[in-house]
Structures are given as structure tokens and as C-alpha cells.
Amino acid sequence: MSVEKPSFGAGEELLAVRDLTVTFPTGDGDVHAVRGVNYTLRRGEVLGIVGESGSGKSVSSLAVMGLLPKTARVQGSITFQGEELLGLSERKLMKVRGKKIAMIFQDPMTSLNPVYKIGYQLEEAILAHNDLPKQQARKQALELLETVGIPFPEKRIDQFPHEFSGGMRQRVVIAIAMANNPDVIIADEPTTALDVTVQAQVLESLRVAQRETGAAMVLITHDLGVVAGQADRVLVMYAGKPVEIGSVDDIYYNPRMPYTLGLLGSLPRLDANRAERLTPIQGAPPSLLSLPPGCPFMPRCPLAKEVCAEQEPELLPTDDPAHDAACHYSALLAGRKAQEVFVASAADTALPESYGAEIAGATGEITTVPEQPKAEQAE
Amino acid sequence: MSTTDTLTAGEPILSVRHLVKEFPIKSHSVVRRTVGAVHAVSGVSFDIFPGQTLGLVGESGCGKTTTSRAILHLQPATSGEVVFQGRDVTKMSKGDLRRMRRNMQIVFQDPYASLNPRITVSEIIAEPLKIHGLYRGGGQAQVAELMSLVGLNPEHGNRFPHEFSGGQRQRIGIARALALKPKVLVLDEPVSALDVSIQAGVINLLEDLQDELGLAYLFVAHDLSVVRHIADRVAVMYLGKIVETADTESLFERSQHPYTKALISAIPIPDPRRERERERILVQGDVPSPANPPSGCRFRTRCPLRMTLSETDAARCADEEPALVDRGLGPRHLAACHFAESEG
């Protein structure tokens, strides 16, 4: 683990995403999966994108790679070193994909082709962008396998994916992503499918990959622990929109959006007092089919007031210009702890589409059985 | 606690002794002969006390789920004993098993697969009551009560599972497990399928239920931070065996088994400054196949400690299986490593 303070704002701007929206038309109406994402990525920087399932973090990255299905409506702008990627022909995109921007997918079981040997798949990635003799490609493939920490690469290179464990496969995927010295690596939940000790190995390989290629990285994950150790900057997404962005230290020590604060408060941590109650966020994320006006986090937010129901807050700088938050009351959160803002409740009564009814805690008494009228618990 | 008064606090409610579960490997020929066995669980022993939580942790394939299923006899154990309330579950008749399950219930991992999508939530929760002939006379009120007990709105009883969020579905599963007022609840990865903000609510609920009803939990999970939060005692499994077990504080403060140490050091902490300064113990390679586990200590093929040992000491790891015994690490702290004590 590197001890040096993350530095940013320095390197050249590689990737810029502006006002990106992605909509999927469905039979039930449009699903607004991404509703305006903005970020820039500089050389050598690691940007962590955090959010729960359905927050649009993966879709926004698939859009960058041009890998969304044809039915998706993508708007906005994605520029790589000044060149617009949206609307580029498939042929031109193929020159960028893998060469300039590489991607690592979540599930190493499905991202390798089961009928080809590992070596073939690595060579394929190398030869796609380089005019090399086959032997040389094989030599490079061997070096790559060694770099990502695969033991006995000479033997392993001629094996099939099913002969590799999950962690090994993910390292092969990382090696493929490194193959052409990309400028940007997008890693979409690279360790979610793996056990913790294997996760530690794969994160180490990722770090090596980033160091060797000097690439900038977008690390997408739902695990706040993984981001803390890897990222320089963090973008928090909720209901298809970024709700907070800042340096990793700002996000963890000084969150200014209630959602971020709530996420941190709901994590059991190895370094916390065991007796401390967790503070869950009430309710569930909204449906992206029909978002009500106002802040999408409003129904779950303990700070919500009338203005939150009417007006969706913009992502605006807080008192620190490098730290933006989308909350009308972000100033109120300065220095507050999750325990002060959220209730350490154990109930979850609101159905996903409705909000309102509240039952405080687990108050029912199971040992006193029948006569109790139903109305008493339903208040 | 009214549910615990028949037992004194010092007596375990559930004792597992030398539990073994092997799955046969069949040949691919026409006559499917047994050609080997997957040693999923190889001699696991532990006790659970009333009102307490034992956390069973380990990585995928270590046998923790198989253990939990063998305890309830959902998958019969190959050998060993599971003594629940003084009787051996593995030798029970069908009728006895059914009666036993009134007192010991399970909550499954996947709240999407463990609820019947075609019947309403009330019917799901009422099912165990009906099976055991307890529904007539107040069953309906009991279902409503169970729903509010697990933090759901009882008015939503006539809805179907798909109308609930993942966290709420898991609560329905918990309500169903509680319907027969069991004394022991086996929780098989109850929160790992849930998003973090939802997970915290279910953990809080489980803590409250334990306080209120005096339940004993076997909490099976791969997430050590969750286990540390909820368990009183922890057993760490590796490749079908318990490698270290201790009271939670002791395990996390003074773990001495190299695997436990590596496991704890591999967990990311959501604190950037600490993460930057942390030293990781990286374990080499992958878990060996349980069909052909290593001789001696099963962790030896990946053990960071063994690499620092002299040749004779390292040979001992391969020749002699370390027993899970007290190695002077603290009260009730057992470790299965020959060299657990030799480190400071």
C-alpha cells in the first residue's frame, strides 16, 4: 500500500464526461439509468465511483466504452484526449477500445472465452492493435502473465480458463487490459465476485497494472473499503446522478451529502466499537422509471424539508471548491456524524413505491400470542 | 428470557462434534462408480449457548454452508454428532426431525430464491404454523404480529414477495423462521445479498430479536466485519476445518493462526488514511481442491508463516495435522497451528 498523499489536479486531462445521460426505452416507459454525469480523469489518477445496485455506475462506464445496446439513448459528451467518442463509428471506436481505454469486468467467469486458451486470448488482444509476429506476441503475453502474478506462466499460458480459479482468471483479465499500455483502465467491480484474500491479491495486481502502464483508472465498486485504499478521488452516485465528488479524504472524513454519510454509517467496520449500533438508511432507492420531482434521496433522507420535494439540488461546490455535493443542506452536514443524523432503527416498513408508514423498532412481543388486535401494531 | 429458562447459561443448546460431510465424486462411465470424495466438512466441533451468537466465517468452499445444512439435517452428515437439546439430530426419525425443527430454524442467503413468488407474504409466514398444526385459533393474528416484529407493516401481508425490496424479503424469511418460536436460528449469509444501506437495518433487527427473544444464532458469513459486529464468539473455517476459534474480541485482537491473520488483514477498512498505512499479509495462491486436501495442516500450501520456518519445522506442517487446542493465547481461544504460540 502506498503511503504518499494522493496528488491530483496535476496531470493532463485524459477523459472528460459531460452531461452524460443514458435512457433505456422499455414497455413500461423510459428508464433513466444515468441522468447527467460529469467528471474528468487526469493522467495517473484513480477515480472511484461508488453507489448501490441500480445507481447507474456501470451503465455510465459502459457508455464510455461504447458497449451499451443499440436501444440505449446516450446523450452528452465523452471526450478522450479532446476527441469526441460519442457517435464515433464502430470501426473508429475499435481503435480506441483496448488500445487507449481498456475495461475489466466484474465477472471473470464470463469475460473470458471458454473455448480458447489463455495465451490465445492475450495474443489476440496484443495483435488487435499491433503488427507483430506471433512469437513476439506470445513473449509479451508471458511477460504480462508474470506481471500480474500468475505462477508458472509458461505452463499456464497453454491452459483454458476453466483450469484457472476466479482470482487467477481476474488476473488474466487484468493482463489483457494491460496488453496495449492503455491510458485509461475502467475496472467495473473487479473484485466483487472474489473472496477477501483473493481480492487482496487482485487489488495488488491492479495496482501493479496501473503503475506499469501509468494509466489513469476508473474504479467502480459498491465497497467503500476497497475505494478507500485505492482511489484518489471519489464520485458517489445515487439514482443515476452524481451526488457528491471530492478527494477520497473529503468524502470519508467530511461527507456533505446525507446519502454518503448514511452509507458510511451503515457499514460495520473492523476498526469501530462493536457495541455501536449501525445506522441504516430507511427505505429503498427509487424506481428509475418514474422519478418524482425533487431530490431522489428525499424519501429516505432524515434532513428533508419542503424544498427537497420540489427542487432537485444541483451538484455544487461546498466550502471547498474541489468538493461538490448535491444537497440543499450540505452546509448543515459539516462535521456531523452518521449517528447524529440517522436513526439506528431496525424497521423497514415502506414498500418500495410508497413511503410514509413508520413502525418504530421491533416492538411486537412474540410470546404474548393471539388476542392482540391487528390495529395496535399498525399505528 | 422465557425461552431460555429451561437451560442454564453454562450449558450449550447445540453441540456439534466431529461433524464430517463428504460428497461422492462419480465416474462419468455408464456405471457411475464412486471414484472419490469431496471433503466439504472434515471434523468440525463447536458449541452454541442460549442467547449467544457463534459466527462461522470462511471463504467460499470452506464448508460453512454445508455445516449449517448438516446441523438441520437438510443434508445428512456423513458422520459426527449434532446434539440439540440433549438429542442427536443425525440419528433422529422423520417425525423427531420435524419436531426438532420447531426449535431450530434456518434463514437462507438469497431472499429472491427462498420465498415462493406465487403466494402472499402472510401465507409464506403462516406456512410453518400450518405444517405444525398451530395455525387454527389465532394464526392470522400471529402472522401480523410476526410481521411487525421483523419491522414490516402488517397491512402489507396480502402482497406478494416481488412487491418488497431485498431487505424486506429477507425480513419475511426471518419472520417465517421465527413463526414456530425456535430457540436456535441458523443464519446462512443472511445479509450478503443486500446493499450496505439495507444490510445495516437487517443486522440491527437480528440484534434486537436476539435481545427480545433470547435466541441463539449460528451466523454463517464470509464478511468478517459483519461477524465481528454481531457475534459473541467466532470460528474461522478453512477447507473443511476450524482453524481458530475464540471470543470475538480475542479473535480480532490476538489472532495467532496465520490464516486468520491474513483474512483480517485483507479486509478493507473504509478509512483512507488507515488504508494507506496498512500493511497487508498477502496469501499466495488459491484454496486447494477439497477433493484432495493437503496432508498435515491444510493451510500449509499458502501459509506465509511456514515460509519463514526452518526445514524441520516446515516438514512438521506437512506430516502432522495441528490440533485445535488451547495454545496459551487466552481463555477459550483455540488455534490449529503448531507455531501459533511461538510468535509474540
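Model, not experiment: these values are computed from the prediction. (Residues numbered from 1 in each chain as written. Chains lettered and ligands numbered in written order. Predicted model: local features only at pLDDT ≥ 70, side-chain atom pairs only at ≥ 80, totals over all residues.)

## A few points about the interface of chain B and chain A
Phase 1 of the analysis: The partner chain A presents 63 residues to the 64 residues of chain B that form the contact.
Phase 2 of the analysis: Of all the secondary-structure elements, those providing two or more residues to the side of chain B that touches chain A are α4 (139–149), α5 (166–178), α6 (196–213), α7 (224–230), α9 (258–266) and α10 (272–277) of chain B.
Phase 3 of the analysis: Among the elements that make up the side of chain B that touches chain A, the one with the highest residue count is α6 of chain B (13 residues). (Contact = placed C-beta atoms within 7 Å. Helix = DSSP H or I, 4+ residues; strand = E, 2+ residues; numbered from the N terminus.)

## As for the environment of Asp188 of chain B
All names here are of chain B.
Phase 1 of the analysis: With respect to the helices and strands, the residue Asp188 is situated in strand β7 (residues 184–188).
Phase 2 of the analysis: Given 22 C-beta atoms within 10 Å, Asp188 falls into the buried group.
Phase 3 of the analysis: Measuring from C-alpha to C-alpha, the distance between Asp188 and Leu218 comes to 8.1 Å, with 30 residues separating the pair along the chain.
Phase 4 of the analysis: In this structure Asp188 touches Thr65, Ser68, Ile106, Val107, Phe108, Gln109 and Val220, once residues within four positions along its chain are discounted. (Buried ≥ 20, exposed ≤ 12 C-beta atoms within 10 Å, placed from the backbone.)

## Quick notes on the sheet that holds strand β10 (residues 241–247) of chain B
Phase 1 of the analysis: On the basis of which strands lie adjacent, the open sheet formed by 8 strands has the order β6-β7-β8-β3-β9-β10-β12-β11 (chain B) and mixed pairing. Two strands bound the open sheet, and with one partner strand each, they are β6 (104–107) and β11 (325–326) of chain B. (Pairing = 2+ DSSP bridges.)

## A word on the pairing of β7 of chain B
One face of the sheet, then the other: side chains in a regular strand alternate in exactly this way.
All names here are of chain B.
Phase 1 of the analysis: Most of β7 sits inside the fold, with 5 of its 5 residues counted as buried.
Phase 2 of the analysis: Of the two faces of β7, the one carrying Val184, Val186 and Asp188 and the one carrying Leu185 and Leu187 are both buried.
Phase 3 of the analysis: Note that β6 and β7 share 4 bridges and pair parallel. In the sheet register, Met104 faces β7, and the bridge partner there is Val184.
Phase 4 of the analysis: In terms of strand pairing, β7 meets strand β8 (residues 216–221) through 5 bridges, oriented parallel. Looking at the pairing, Val186 lines up with Leu218 of β8.
Phase 5 of the analysis: For the handedness criterion, the β-α-β arrangement of β7, α6 and β8 is classed as right-handed. (Right-handed = clockwise from strand over helix to strand, strands pointing away.)

## Some points on helix α7 (residues 196–213) of chain A
Residues and elements named next belong to chain A.
Phase 1 of the analysis: Compared with the 26 Å implied by 1.5 Å per residue over 18 residues, the 25 Å span of α7 between its first and last C-alpha is a close match.
Phase 2 of the analysis: The element α7 is extensively covered by neighbouring structure, given that 13 of its 18 residues are classed as buried.
Phase 3 of the analysis: Count one or two residues on from α7 and you reach Gly214, which has phi positive near 65 degrees. (Expected span 1.5 Å × (residues − 1).)

## Observations concerning the packing of α5 of chain B against α6 of chain B
Residues and elements named next belong to chain B.
Phase 1 of the analysis: Contact pair α5 / α6: the axes reach a minimum separation of 9 Å and the direction vectors enclose 20 degrees. Judged by the inter-axis angle, α5 sits roughly parallel to α6. Here α5 and α6 pass one another in a crossing that is right-handed. Judged by residue contacts, Gly166, Gly167, Gln170 and Arg171 of α5 engage Ile198, Gly201, Val202 and Leu205 from α6.
Phase 2 of the analysis: Class assignment for the residues of the contact of α5 with α6 results in 3 nonpolar, 4 polar and 1 charged. (Axes fitted to C-alpha atoms, helices over the stretch in contact; angles between N-to-C directions. Parallel < 35°, antiparallel > 145°, perpendicular 65-115°, else oblique. Left-handed = near helix turned anticlockwise from the far one by under 90°. Nonpolar A, V, L, I, M, F, W, Y, C, P; charged D, E, K, R; others polar.)

## Comments concerning the packing of helix α6 (residues 166–178) of chain A against α7 of chain A
All names here are of chain A.
Phase 1 of the analysis: At their nearest, the axes of α6 and α7 sit 10 Å apart, and the two run at 10 degrees to each other. Between α6 and α7, the angle is such that the two are roughly parallel. Here Gly166, Gly167, Gln170, Arg171, Ile174, Ala177 and Met178 of α6 lie close against α7, whose contacting residues are Val198, Gln201, Val202, Ser205, Leu206, Ala209, Glu212 and Thr213.
Phase 2 of the analysis: Taken together, the residues that form the contact of α6 with α7 break down as 7 nonpolar, 6 polar and 2 charged.

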